[in-house]
Amino acid sequence: MLFYCVTKMAMIADNLKAVTQRISRSCAKSGRSADVVKLVCVTKEANLQQIEEVLALGVKDIGENRVQDALFKYRSIGGRVTWHLIGHLQTNKVSHAVRIFSLIHSVDSLRLIEAIDREAKKISKVQDILIQVNTSGEESKFGISQDEVRPFFEKAVLYPNINISGLMTMAPEVPDPEEARPCFRRLRELRDEINSLKLTAYSLKLLSMGMSNDFEAAIEEGSTMVRVGRAIFK
Ligand SMILES: *Cc1c(COP(=O)(O)O)cnc(C)c1O
């Protein structure tokens, strides 16, 4: 049993090293500095022991899909890491979410913006969020459509306890990551379009895009945050 655990831990360490190397290589390939891409380690399928393991290996950012799971894990992990909410958020979970998460990646309705603003205000917080965009047009995907991004942004910036840090997307699951590339490119173009309008004093910086099977293409298209689970905990 002990031997099994040690092997398993060594595997996570090897996987994490491989992922960071892949990130560095993609940055080098696209002429970007490796420190501009943040690795968010997706722990939705990891247990507490596995999370402790990646923390010991230097992981600083973890991503969870569900508020309920994050609450449970937060009780033992606490504020030692930066917490990212990457899954769909229901308005009735917002009060918990603003207490744990530094960045909410999955904001896709004004109802949610309103709820986040209201709950963040109660704890004197300005909540950093990303707007989730459905760049693939797949019906099954969450996120607002590309055409809605500008009007959505114009309304969302009016909420004082919300800070829009950037955009997030999920590419379709395709066998060849090259097929996902147009989604990543589109997200970058949308960010640049919004920034060029100079609608606010600040500009959108973050692009949360790229998962285990497609993060190289995402980095080459300008990702600043990759969300990787399976490649680390497989
Ligand atoms: C699960 C998940 C990821 C990580 O996907 P992997 O394929 O495990 O790397 C990234 N983003 C979101 C929104 C997820 O739900």
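Since the model is a prediction, treat every value here as computed from it, not as a measurement.

J.: Any chance you could explain the overall build of the protein chain here in plain terms?
T.: A count of helical and extended segments in the protein chain gives nine helices and nine strands. A compact globule built from 234 residues would reach a C-alpha radius of gyration of about 17 Å, and the protein chain, at 18 Å, matches this within 12%. In terms of overall dimensions, the protein chain has C-alpha extents of about 55 × 40 × 30 Å along its principal axes. Here the protein chain holds 234 residues, and 48% of them are scored as buried. In the protein chain, 58% of the contacts between residues at least 6 apart in sequence involve partners at least 24 apart. About 11500 Å² of surface is accessible on the protein chain, with carbon and sulfur atoms providing 53% of the total. Distance between charge centroids for the protein chain: 5 Å, based on 33 positive and 29 negative side chains.

J.: How should I be thinking about the nonpolar core in this particular structure?
T.: In a soluble, globular protein the nonpolar side chains are often hidden away together inside. Membership of the largest hydrophobic core comes to 65 residues, with the highest contact counts inside it found for Ile 23, Leu 89, Phe 101, Ile 104, Ile 116 and Ile 232. In this structure Ile 23 touches Val 37, Leu 39, Phe 215, Ile 219 and Val 226, once residues within four positions along its chain are discounted. In terms of nonpolar packing, the next biggest core, distinct from the first, is built from five residues, Val 40, Leu 103, Met 168 and Met 225 among them.

J.: I keep staring at the site of the ligand and nothing clicks. Help me out?
T.: Taken together, Val 42, Lys 44, Asn 65, Ile 86, Met 170, Met 211, Ser 212, Arg 227, Val 228, Gly 229 and Arg 230 are the residues near the ligand. Here a nitrogen atom of the ligand and a side-chain polar atom of Arg 227 are 2.8 Å apart. For the shell around the ligand, the class distribution of residues is five nonpolar, three polar and three charged.

J.: What exactly am I supposed to notice about helix H7 (residues 181–197) here?
T.: Residue pairs spaced three or four apart in an α-helix point in one direction, given the helix's 3.6 residues per turn. Look at H7: 25 Å from first C-alpha to last across 17 residues, which is about the 24 Å you get at 1.5 Å a residue. Buried within H7 are the following residues: Arg 181, Cys 183, Phe 184, Leu 187, Leu 190, Arg 191, Ile 194 and Asn 195. The inward-facing, buried residues of H7 contact strand E5 (127–134), helix H6 (149–156), strand E7 (162–168), strand E8 (206–208) and helix H8 (215–220). Phi turns positive, to about 50 degrees, at Lys 198, one or two residues after H7.

J.: When you look at the pairing of E5 in this model, what are you seeing that I'm missing?
T.: When a strand is regular, its side chains alternate between the sheet's two faces. Counting buried residues in E5 gives seven out of eight residues, a clear majority hidden from the surface. Judged from the three bridges that link them, strand E4 (residues 103–107) and E5 form a sheet pairing that is parallel. Paired with Val 107 across the strands is Ile 131, a residue of E5. Assessed by its sense of winding, the connection that carries the chain from E4 through helix H5 (residues 110–122) to E5 is right-handed. Examined bridge by bridge, E5 and E7 share six bridges and lie parallel to one another. For Gln 132, the partnering residue across the bridge sits in E7 and is Met 168. Across two bridges, E5 lies against strand E6 (residues 144–145) in parallel orientation. Considered in E6, the bridge of Val 133 is made with Ile 144.

J.: Help me out: how do you make sense of the side chain of Thr 224 in this one?
T.: Along the chain, the position of Thr 224 falls in the loop between H8 and strand E9 (225–228). Excluding anything up to four places from it in sequence, Thr 224 contacts Arg 32, Val 36, Val 37, Lys 38, Lys 205, Leu 206 and Leu 207.

J.: Explanation requested: H5 in the structure shown.
T.: In this model, H5 (13 residues) spans 19 Å end to end at C-alpha, consistent with the 18 Å of a helix rising 1.5 Å per residue. Residues of H5 that are buried sit in contact with helix H4 (94–100), E4, E5, H6 and E7. The positive-phi residue at the C-terminal boundary of H5 is Ser 124, with phi of around 55 degrees.

J.: Can you walk me through the pattern of salt bridges in this structure?
T.: Side chains that carry opposite charge are capable of pairing whenever their charged atoms lie near each other. Under the definition given, this model contains 17 salt bridges. Linking Lys 29 and Glu 220 is a salt bridge whose minimum nitrogen-to-oxygen distance equals 3.3 Å. Pair noted here: Lys 29 is in helix H1 (residues 2–29) and Glu 220 is in helix H8, with a separation of 191 residues, a long-range link. Residue classification places Lys 29 among the exposed residues on the basis of a relative accessible area of 65%. Glu 178 is the salt-bridge partner of Arg 181, the closest N and O atoms lying 2.8 Å from each other. Under the relative-accessibility criterion, Arg 181 is labelled buried at 14%. A network of salt bridges, in which partner residues are shared, links Lys 29, Glu 178, Arg 181, Arg 185, Arg 188, Glu 220 and Glu 221.

Cut-off values and rules
- Residues numbered from 1 in each chain as written.
- Predicted model: local features only at pLDDT ≥ 70, side-chain atom pairs only at ≥ 80, totals over all residues.
- Heavy atoms only, no water.
- Helix = DSSP H or I, 4+ residues; strand = E, 2+ residues; numbered from the N terminus.
- Rg over C-alpha atoms; globule rule 2.2 N^0.38 Å.
- Buried < 20%, exposed > 50% of the residue type's maximum accessible area, 1.4 Å probe, protein only.
- Contact = heavy atoms within 4.5 Å.
- Areas by Shrake-Rupley, 256 points an atom, 1.4 Å probe, with all protein chains shown as cover.
- Lys, Arg positive; Asp, Glu negative; His and termini not counted.
- Charge placed at Lys NZ, Arg CZ, Asp CG, Glu CD.
- Core = buried A, V, L, I, M, F, W, Y, C linked by side-chain atoms within 4.5 Å.
- Near = heavy atom within 4 Å.
- Polar contact = N/O pair within 3.5 Å; in protein donor to acceptor, adjacent residues only side chain to side chain.
- Nonpolar A, V, L, I, M, F, W, Y, C, P; charged D, E, K, R; others polar.
- Expected span 1.5 Å × (residues − 1).
- Pairing = 2+ DSSP bridges.
- Right-handed = clockwise from strand over helix to strand, strands pointing away.
- Salt bridge = Lys/Arg side-chain N within 4 Å of Asp/Glu carboxyl O.

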